[in-house]
Amino acid sequence: MERRFDRLLLGLDLAGTFVFAIVGASAAHGAGLDLLGAMVLAFSTALGGGIVRDLLIGATPPGAIRDWRYATVAFAGGAAVLFFHEWVVRLPPGLLVALDAAGLSLFAVAGAQKALESKLPAFLAVLMGAVTGAGGGTIRDLFLARVPLVLRADIYVLAAIAGAAAMVIARRLGASPTVAAILGAVLCFAARMTAVALHLHLPIAP
Amino acid sequence: MERRFDRLLLGLDLAGTFVFAIVGASAAHGAGLDLLGAMVLAFSTALGGGIVRDLLIGATPPGAIRDWRYATVAFAGGAAVLFFHEWVVRLPPGLLVALDAAGLSLFAVAGAQKALESKLPAFLAVLMGAVTGAGGGTIRDLFLARVPLVLRADIYVLAAIAGAAAMVIARRLGASPTVAAILGAVLCFAARMTAVALHLHLPIAP
Amino acid sequence: MERRFDRLLLGLDLAGTFVFAIVGASAAHGAGLDLLGAMVLAFSTALGGGIVRDLLIGATPPGAIRDWRYATVAFAGGAAVLFFHEWVVRLPPGLLVALDAAGLSLFAVAGAQKALESKLPAFLAVLMGAVTGAGGGTIRDLFLARVPLVLRADIYVLAAIAGAAAMVIARRLGASPTVAAILGAVLCFAARMTAVALHLHLPIAP
């Protein structure tokens, strides 16, 4: 049972890595980056959040370095954008937003779960979920020398916090890891997509 | 005696965390950040320096993650600014500068002390004091996509180096940890406030 | 034999640290940084890549912190620029580019070598070579609030990848560590300088 959950979590984590690599490589468009710069963006976006989380909770070397599958999947996602860009630019713009929301949801839940396994208190597990989900995009925006989008636009970090908190609370109430993960991921994804669809924003800081 | 010093150091560290969270959340003003973005700035400013130091000296997971009190105090400082902002904006501007100088002093001394405890040589302990003091503000400025203020304005990093060096030297000369910490913190605070009051600057790099 | 190689590697690493400190301090020119800010740039450029690599592969505390020689050499390189700047500005501009290429080559090979010693797979060792070589310059550019040059200009990261890959492959084919290191470093340096001389660029990301 536990092993089955580990495999599920790895699958979710790799799925999140793949979609974030696509989102990251797409962000190179218009920034004047060369092909390798775009690939660096793909890697940073896909692996940055998990690496920062692992450094923070002391799980070194980070899973993204220890396990070759993460880098391979990130490479595949970035290369897909660069090779098939004529096809990618014709995708509906909403699809990229949905992929990004899916990556955020998968990472928020996986990050909080990993923090719980490292015996961090619930409060910090939720924070680590947010760091995992939003960290990659933050590093990508730092590389692009702009204020990280996640700090100023829409409901983004808040959706990650909500999803991670829902998972942690569900675990505390006795839900199985799988049920708790699905609950948290669905809530995060729904919150993020609802905010985009309805143009919901947090109030601007005074 | 040693335990009393540990408690003193923790108190100083948490006090520094609180004032840096206030300074960080206040920096969101005018940057178009939302409430959560402002809170992220508060956390980064308050916890970033100590986290970088702990990663560098191999004390993982960092104290700011392991001990829930750091995140709680950072949250309280950031929330105070956001809830009482009408009251905060009426504070004399010099008070924010003084709070920032207090945080710098507390962190420079606490950082150098922690590096000494990890058996780093004196030279690197002083560097770690500077990293702890100036690291949070540097990360905050990176998030705001501007050249870190600490690299270009006034006597800032230099004050942290002076305070950390004074503490390390005093320890070497046989002073008790408490006396050395007070000496270093007072020197750093005095150097920083004097530089602000008299508009002292380091020469611009040629 | 192995000890002799260790000493060779340390020498190459310190040589790379020295030239990158010179390059870093020189980058302060025109950015309005003060003397200490220029020194921070020197340290970041010289030590940043190796520190990030050591954090990623779990070799904490990083060698640049554990071994006082790194910080001392970085300090010497930065101070040399600041003290002799009238002499430095009269150097032919190509020399700075060549020094930077030399640092990149030394770090790419040393980084990949250190990753191999940590039992990372070959693919990740090459990545770690690129991180070590290009990481310091990336952090420097983040501090200067500009899109990292290494992401958008010339053949830079690619040269590091080529040099690191050549070293890893040569090791696999039975070459001695010294021969493999020289081969990789020469290839990286030649690729970088050729790209600069012939204005070779990677295609811009679509």
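See the structure printed just above.
Residues numbered from 1 in each chain as written. Chains lettered and ligands numbered in written order. Predicted model: local features only at pLDDT ≥ 70, side-chain atom pairs only at ≥ 80, totals over all residues. Heavy atoms only, no water.

Some remarks on the overall build of chain A
Right, on to step 1. Helix and strand counts for chain A come out as ten helices and zero strands.
Right, on to step 2. Shown N-terminal to C-terminal, the secondary structure of chain A runs as helices and strands in the order α-α-α-α-α-α-α-α-α-α.
Right, on to step 3. Its C-alpha atoms give chain A a radius of gyration of 16 Å, near enough to 17 Å, the size a compact globule of 206 residues would have.
Right, on to step 4. Projected onto its principal axes, the C-alpha coordinates of chain A cover approximately 50 × 40 × 30 Å.
Right, on to step 5. Taking all 206 residues of chain A together, 56% fall into the buried category.
Right, on to step 6. Of the contacts formed within chain A by residues at least 6 apart in sequence, a portion of 74% connects residues at least 24 apart. (Helix = DSSP H or I, 4+ residues; strand = E, 2+ residues; numbered from the N terminus. Rg over C-alpha atoms; globule rule 2.2 N^0.38 Å. Buried < 20%, exposed > 50% of the residue type's maximum accessible area, 1.4 Å probe, protein only. Contact = heavy atoms within 4.5 Å.)

Some thoughts on the interface of chain A and chain B
Right, on to step 1. Each partner contributes to the interface: chain A provides 27 residues, whereas chain B provides 25 residues.
Right, on to step 2. Contact with chain B buries surface across chain A, with L56, L151 and P206 of chain A losing the most and accounting together for 29% of the total.
Right, on to step 3. At the boundary of chain A with chain B, the tally comes to zero salt bridges.
Right, on to step 4. On inspection of chain A and its partner chain B, the count reaches two residue pairs in polar contact (both at pLDDT 80 or more).
Right, on to step 5. For the side of chain A that touches chain B, the secondary-structure elements that each account for two or more residues are helix 2 (35–56), helix 7 (122–143), helix 8 (149–152) and helix 9 (157–172) of chain A.
Right, on to step 6. Here the side of chain A that touches chain B takes six residues from helix 7 of chain A, the largest share from any one element.
Right, on to step 7. Partitioned by chemical class, the residues of the side of chain A that touches chain B number 22 nonpolar, two polar and three charged. (Buried area = accessible area lost by both parts, 1.4 Å probe. Salt bridge = Lys/Arg side-chain N within 4 Å of Asp/Glu carboxyl O. Polar contact = N/O pair within 3.5 Å; in protein donor to acceptor, adjacent residues only side chain to side chain. Nonpolar A, V, L, I, M, F, W, Y, C, P; charged D, E, K, R; others polar.)

A few points about the side chain of S44 of chain C
Right, on to step 1. Tracing the backbone shows S44 of chain C in helix 2 (residues 35–57).
Right, on to step 2. In terms of polar contacts, S44 of chain C uses its side chain to reach the backbone carbonyl oxygen of V40 of chain C, at 2.7 Å.

Section: the relation of the copies chain A and chain B
Right, on to step 1. Rotating chain A by 120° about the axis while translating it 0.0 Å along that axis superimposes it on chain B, leaving an RMSD of 0.0 Å. On this basis, the relationship between the two copies can be described by a three-fold rotation axis. When each C-alpha of chain A is compared by its distance to the rotation axis, A145 of chain A comes out closest, at 3.3 Å.
Right, on to step 2. Taken together, the interface assignments show that only 11% of the residues at the interface of chain A recur at the interface of chain B, consistent with different surfaces on the two copies. (Least-squares fit on C-alpha atoms with pLDDT ≥ 70 in both.)

Observations regarding helix 7 of chain A
Each turn of an α-helix holds 3.6 residues, which means side chains three or four residues apart point in the same direction.
Residue and element names in this part refer to chain A.
Right, on to step 1. In this model, helix 7 (22 residues) spans 31 Å end to end at C-alpha, consistent with the 32 Å of a helix rising 1.5 Å per residue.
Right, on to step 2. Roughly 45° is the biggest bend found in helix 7, and it falls at A134.
Right, on to step 3. Burial of helix 7 is extensive: 17 of the 22 residues sit out of reach of the surface.
Right, on to step 4. Count one or two residues on from helix 7 and you reach A145, which has phi positive near 55°. (Expected span 1.5 Å × (residues − 1). Bend = angle between axes of the 7 residues up to and from the residue.)

Focus: the pattern of salt bridges
Right, on to step 1. Applying the stated rule across the entire model yields 15 salt bridges over all chains.
Right, on to step 2. Residue D54 of chain B is joined to R53 of chain B by a salt bridge in which the shortest nitrogen-to-oxygen separation is 3.0 Å.
Right, on to step 3. Judged by its relative accessible area of 1%, D54 of chain B falls in the buried class.
Right, on to step 4. Judged by its relative accessible area of 4%, R53 of chain B is buried.
Right, on to step 5. When the shortest N-O distance is used, the salt bridge between R146 of chain B and D141 of chain B registers 2.9 Å.
Right, on to step 6. Since its relative accessible area comes to 32%, R146 of chain B is described here as partly exposed.
Right, on to step 7. Among the charged side chains, a salt-bridge network with shared partners connects R53, D54 and K114 of chain A.

Brief notes about the nonpolar core
Right, on to step 1. Counting residues in each nonpolar core, the largest one holds 196 residues, and the members touching the most others are L47 of chain A, L47 of chain B together with L47 of chain C.
Right, on to step 2. Those residues in contact with L47 of chain B, other than ones at most four positions away along the chain, are T17, A64, Y70, A71 and A74 of chain B. (Core = buried A, V, L, I, M, F, W, Y, C linked by side-chain atoms within 4.5 Å.)

Here's the deal with the relation of the copies chain A and chain C
Right, on to step 1. Here chain A sits on chain C after a turn of 120° about the axis and a move of 0.0 Å along it, with an RMSD of 0.0 Å.
Right, on to step 2. Comparing interface residues between copies, only 12% of those in chain A also sit at the interface in chain C, which points to a heterologous contact through distinct surfaces.

Re the packing of aromatic side chains
Residue and element names in this part refer to chain A.
Right, on to step 1. As enumerated under the stated definition, the model contains three aromatic pairs over all chains in all.
Right, on to step 2. Consider the rings of F20 and F107, whose centres lie 5.2 Å apart with planes at 90°: the pair is edge-to-face. In this pair, F20 sits in helix 1 (residues 2–26) while F107 sits in helix 6 (residues 93–117), placing the two residues 87 residues apart along the sequence. As far as the burial class goes, F20 and F107 line up, both buried. (Phe/Tyr/Trp six-rings, centres within 6.5 Å; stacked < 30°, edge-to-face > 60°.)

Some points on the interface of chain A and chain C
Right, on to step 1. Counting from both sides, the interface comprises 25 residues of chain A and, opposite them, 27 residues of chain C.
Right, on to step 2. Interface area, chain A with chain C, both sides summed: about 2,200 Å², of which 77% is carbon and sulfur.
Right, on to step 3. Remark: the boundary between chain A and chain C carries zero salt bridges.
Right, on to step 4. On the surface where chain A and chain C come into contact, there are two residue pairs in polar contact (both at pLDDT 80 or more).
Right, on to step 5. When contributions to the side of chain A that touches chain C are tallied by element, the ones reaching two or more residues are helix 2, helix 4 (68–83) and helix 7 of chain A.
Right, on to step 6. Examining the composition of the side of chain A that touches chain C, we find that eight residues originate from one element, helix 2 of chain A, more than from any other.
Right, on to step 7. Across the side of chain A that touches chain C, the residue classes break down as 18 nonpolar, six polar and one charged.

A few points about the environment of V88 of chain C
Right, on to step 1. Here V88 of chain C shows up in helix 5 (residues 85–88).
Right, on to step 2. Between the C-alpha atoms of V88 of chain C and I22 of chain C, which are 66 residues apart in sequence, the distance is 9.6 Å.

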